[in-house]
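Breakdown of the fold
As a plain string of letters, each chain reads:
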Amino acid sequence: MSNSKLNNDFLPLLGTDFIELYVANAKQSAHYYKTAFGFQGLAYSGPETGDKEKVSYALRQEKVTLVLTTPLNIHSDIAKHVHLHGDGVKAIALTVKDAQDAFDQTTKRGAKPYLTPIVLSDEHGEIKMSGIRIYGDTVHLFIERENYRGIFLPGFQKWESNYTPSPVGLKHIDHCVGNVGWNQMNTWVKFYEDVMGFKNILTFDDKQISTEYSALMSKVMSNGNGYVKFPINEPAEGKKKSQVEEYLDFYNGEGVQHVAIATENIIETVSQLKNRGVEFLSIPTTYYDELLDRIGPIDEDLEPLKKLGILVDRDDEGYLLQIFTKPVEDRPTMFYEIIQRKGAKSFGAGNFKALFEALEREQELRGNL
Ligand code: FE2
């Protein structure tokens, strides 16, 4: 990495710390993420630990930490969030060396403050935390945990449970995608460039996607070291209602569309997820007829990919395998992607058409096309 690049990185990020979802019933959601996705119970906070306002469960699988938070007080901002948006991502928390500096650097460049820097401490040390607002009601938290040795965050206690379904091989967060409103993509691209020091590494315009299918435009933003990637989608005009528009209608605004989690063996991971009841978008088997002509040879047998509905795409550097869940709540809003990268650094643009056809079938069943 060149010096100028190092100097430019005014917001060095060590990775994604956790993703916090505000949900209507954290106890039941936590059970779902354990049972269906193989997350392990990590930590708990609530009235028993001195928090009368909310309950939070932290779950972990390898480097992926999810926090599920439910309001106990109907007048709280958490309750308003759940009422307006349904279950969804409130915070994408990023690990930093210096939470005060992350706050100063971003707010002086125009970020709206969400959490002025605070110190949380217990017998295991201290965490410094700050936060800024991004699209919709979503926020970034900056977490400085160098001086903390506890299990998760001060205020949490170890979550003891006899129920521990095995992990499914989810390793780390690959990217988090935001859906923003009409003509808002470039506003948020500029935000990530100017305020967070990110770069636009890939662009998909609506012309790359057949207008017969619900169209969108997308730009992928990456931080300096490439650990954190945020594609930003906006709806585009097509013959049918954009999937992004459907999201915006049901989420009542902008928010996180999907979180992509990496695995090192997608066939094994997706087989387990399916056995545990996770629902995926189904892809017509015709997708596989010309797949190898399009992408060239791959290590995997075609049969299990076809059986599971796993998509494959190739770029200059290698290939990737990916699959998308159906929304994980009743509103057609947030979903997950499971991705295995074999050299490819792209996001599966070659699969957009097959994917949009699948999404369109689901939208049609909901009467939202
Ligand atoms: Fe994705």
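Since the model is a prediction, treat every value here as computed from it, not as a measurement.

Procedures and definitions
- Within each chain, residue numbers correspond to sequence positions counted from 1 in written order.
- Owing to the predicted nature of the model, reporting of local features is limited to residues with pLDDT of at least 70; listing and counting of side-chain atom pairs is limited to 80 or more, with chain, interface and lining totals taken over all residues.
- Note that the side-chain values use all heavy atoms of the structure and ignore hydrogens as well as water.
- To form a nonpolar core, buried Ala, Val, Leu, Ile, Met, Phe, Trp, Tyr and Cys residues must be joined to one another through side-chain atoms within 4.5 Å.
- Exposure classes here rest on a 1.4 Å probe applied to the protein chains alone. A residue is buried below 20% of its type maximum, exposed above 50%, and partly exposed in between.
- Each domain's limits were defined by an automated method or a database of domain assignments.
- Only DSSP runs of H or I reaching four residues or more are called helices, and only runs of E reaching two or more are called strands; each is numbered from the N terminus.
- At least two bridges found by DSSP between two strands are what make those strands a pair.
- For Na, K and Ca the donor cutoff is 3.2 Å, while for all other metals N, O and S atoms must lie within 2.8 Å; water is not among the atoms, so some sites may look incomplete.
- For this analysis, residues touch if any pair of their heavy atoms sits within 4.5 Å.
- Buried area is calculated as the accessible area (1.4 Å probe) missing from two parts once they are joined, with the contributions of both summed.
- By salt bridge we mean one thing: a side-chain nitrogen of Lys or Arg within 4 Å of a carboxyl oxygen of Asp or Glu.
- The definition of a polar contact used here is a pair of N or O atoms within 3.5 Å, where within protein one atom must be able to donate a hydrogen and the other to accept one, and adjacent residues in sequence count solely through side-chain atom pairs.

Moving on to the nonpolar core. Counting 92 residues, the largest nonpolar core has Leu 21, Tyr 33, Phe 37, Tyr 192, Met 196 and Tyr 336 as the members making the most contacts within it. Split by domain, this core shows at least three residues from each of two domains, domain 1 (2-158) and domain 2 (170-366). Counting 16 residues, the second largest nonpolar core, distinct from the first, contains Leu 42, Ala 58, Val 67 and Ala 93.

Burial within strand S3 (residues 54-61) is extensive, with 6 of its 8 residues counted as buried. When strand S2 (residues 40-45) meets S3, the two strands line up antiparallel, connected through 5 bridges. When the sheet's bridge partners are listed, Gly 41 is paired in S3 with Leu 59. The sheet contact formed by S3 and strand S4 (residues 64-71) spans 8 bridges and is antiparallel. Counted as the bridge partner of Ser 56 is Thr 69 from S4. Here S3 hands over to S4 after 2 residues, with Glu 62 in that stretch at a positive phi of 50 degrees.

Taken together, His 175 (NE2), His 258 (NE2) and Glu 337 (OE) make up the protein donors of the iron ion, found 2.0 to 2.2 Å from the metal. Site description for the iron ion: donor spacing in sequence, H-x82-H-x78-E. Of this pair, His 258 sits in strand S14 (residues 255-263) while Glu 337 sits in strand S17 (residues 335-342), placing them 79 residues apart in sequence. Like His 258, the residue Glu 337 is buried in the burial classification.

Let's shift gears to the domain arrangement of the chain. Frequently, the measure chosen for interface size is the accessible area that the parts lose on association. You can read the domains of the chain as domain 1 (2-158) and domain 2 (170-366). Here the C-alpha centroids of domain 1 and domain 2 sit 24 Å apart. In this complex, domain 1 contributes 48 residues to the contact, which on the side of domain 2 involves 41 residues. Buried area between domain 1 and domain 2, both sides added, is near 3,400 Å², and the carbon and sulfur share of it is 64%. Three residues, Phe 37, His 85 and Tyr 135, lead the burial of domain 1 against domain 2; their summed loss comes to 21% of the area buried on that side. Connecting domain 1 to domain 2 are 1 salt bridge. At the surface where domain 1 touches domain 2, the tally comes to 12 residue pairs in polar contact (both at pLDDT 80 or more). At the level of elements, strand S1 (13-22), helix H2 (26-35), S4, helix H3 (77-85), strand S5 (88-96), helix H4 (99-107), strand S7 (125-133) and strand S8 (139-144) are the ones that each hand at least two residues to the side of domain 1 that touches domain 2. When residues in the side of domain 1 that touches domain 2 are grouped by element, the largest group, 6 residues, is from S1.

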